[in-house]
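Examination of the molecular architecture
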Amino acid sequence: MNDAALKSGTQEIVVDEVFPHAPQTIWKALTTGDLIARWMMEPTGFEPVQGKHFTFQTTPAGRWDGVIRCQVLEVVPNERLAYAWKGGDDGNVGYGSRLDTVVTFILSRVDNGTRLRLVHSGFVTPKNDTAFNNMSQGWPKCFQRLDVMAAEQVSPKKLH
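Residues numbered from 1 in each chain as written. Predicted model: local features only at pLDDT ≥ 70, side-chain atom pairs only at ≥ 80, totals over all residues. Heavy atoms only, no water.

**Remarks on the environment of F123**
The following threshold applies: Secondary structure counts use DSSP, requiring at least four H or I residues in a row for a helix and at least two E residues in a row for a strand, with both numbered from the N terminus. Two residues qualify as a contact provided that any one of their heavy atoms is within 4.5 Å of a heavy atom in the partner residue.
Tracing the backbone through its elements, the reader meets F123 in strand β7 (residues 113-124). For the pair F123 and Q57, spaced 66 residues apart in sequence, the C-alpha separation works out to 19 Å. Discounting chain neighbours no more than four positions away, the residues touching F123 are G9, T10, Q11, E12, I13, L99, T101, N128, A131, F132 and M135.

**Describing the pairing of β7**
Quick note on the threshold: Strand pairing is assigned whenever DSSP detects at least two bridges linking the two strands.
As judged from the 10 bridges shared by strand β1 (residues 10-19) and β7, these two strands associate in the antiparallel manner. By the bridge assignment for β7, V14 is matched with V119. The pairing of strand β6 (residues 99-110) with β7 spans nine bridges and is antiparallel. Within β7, the residue paired with S108 across the bridge is R115. Between β6 and the antiparallel strand that follows it, β7, lie two residues.

**A word on helix α4 (residues 129-154)**
Using the following cut-off: The span you would expect from a helix comes to 1.5 Å times its residue count less one. Two axes define the bend at a residue: one fitted to the seven residues ending there, one fitted to the seven starting there, and the bend is the angle between them.
Taking 1.5 Å of rise per residue, the 26 residues of α4 would be expected to cover 38 Å, and the 38 Å separating its terminal C-alpha atoms lies within 8% of that figure. Along α4, the sharpest change in direction is near 25° and occurs at M135. Of the surrounding elements, those touching the buried residues of α4 are β1, α2 (23-31), α3 (33-39), β5 (80-87), β6 and β7.

**Structural notes on unusual backbone geometry**
At the junction of T125 and P126, the peptide bond is cis and its omega measures out at -5° in the coordinates. Relative to the helices and strands, P126 is located in the loop between β7 and α4. Within the chain, N78 stands out as a residue other than glycine whose phi angle is a positive 65°. Assignment of secondary structure puts N78 in the loop between β4 (67-76) and β5.

**Topic: the nonpolar core**
For clarity, the cut-off: Think of a nonpolar core as a cluster: buried Ala, Val, Leu, Ile, Met, Phe, Trp, Tyr and Cys residues, connected wherever their side-chain atoms sit within 4.5 Å. Buried residues are those whose accessible area, probed at 1.4 Å on protein chains only, stays under 20% of the maximum for their type, while exposed residues exceed 50% and partly exposed ones sit between those limits.
Ranked by internal contacts, the top residues of the largest apolar core, which has 38 residues, are W39, M40, F56, Y83, W85, F105 and W139. Looking at which element gives the most residues to this core, the answer is α4, with nine residues. If we ignore the near neighbours within four places in the chain, the residues touching F105 are L30, W39, E79, R80, L81, Y83, L116, R117, L118, W139 and F143.

**Description of the packing of aromatic side chains**
Applicable threshold: In this scheme Phe, Tyr and Trp rings, the latter by its six-membered ring, pair at centre separations within 6.5 Å, and the angle between planes marks the pair as stacked below 30 degrees, edge-to-face above 60, and tilted otherwise.
In the structure shown here, the tally under the stated rule is 11 aromatic pairs. Arranged with centres 6.1 Å apart and planes meeting at 80°, the rings of F105 and W139 form a pair that is edge-to-face. Pair noted here: F105 is in strand β6 and W139 is in helix α4, with a separation of 34 residues, a long-range link. Just as F105 is buried, W139 falls in that class too. Pairwise contacts between aromatic rings join W39, F46, F54, F56, Y83, W85, F105 and W139 into one cluster.

Any functional reading would require information beyond the geometric quantities listed.
So this is what it looks like as structure tokens:
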């Protein structure tokens, strides 16, 4: 973490990977509800339209119902997608504490495919340390599943 992040009391998760797929393939994986469900969580009400509200459901904790409330903030097809990611409850400590963050996906074409950079920003320390630690481990796993799923979309293979 850099000094600016320490001084401001917030942290961000950054995952930066190159996928051997065209930007359109990665974009489809980021913006199609049934595909999002395969690599992250099933969204309810998602559409890649600025201002659109949608949710994810995860494990409830304490006074938190487990609903992640999101709103699409920015859509630039095949280049950038950002949405608010909010959940938790002020009465919870640790898992399920109040969270008000932003998830941004930035796609750029590279020689061998697409660079996908995720920036999940706005984790307040120490209140969101549990969420930050969990998601720091979770996002790279999501990227692995996204890669597998994107490869299947390009060349579906049947098991023998």
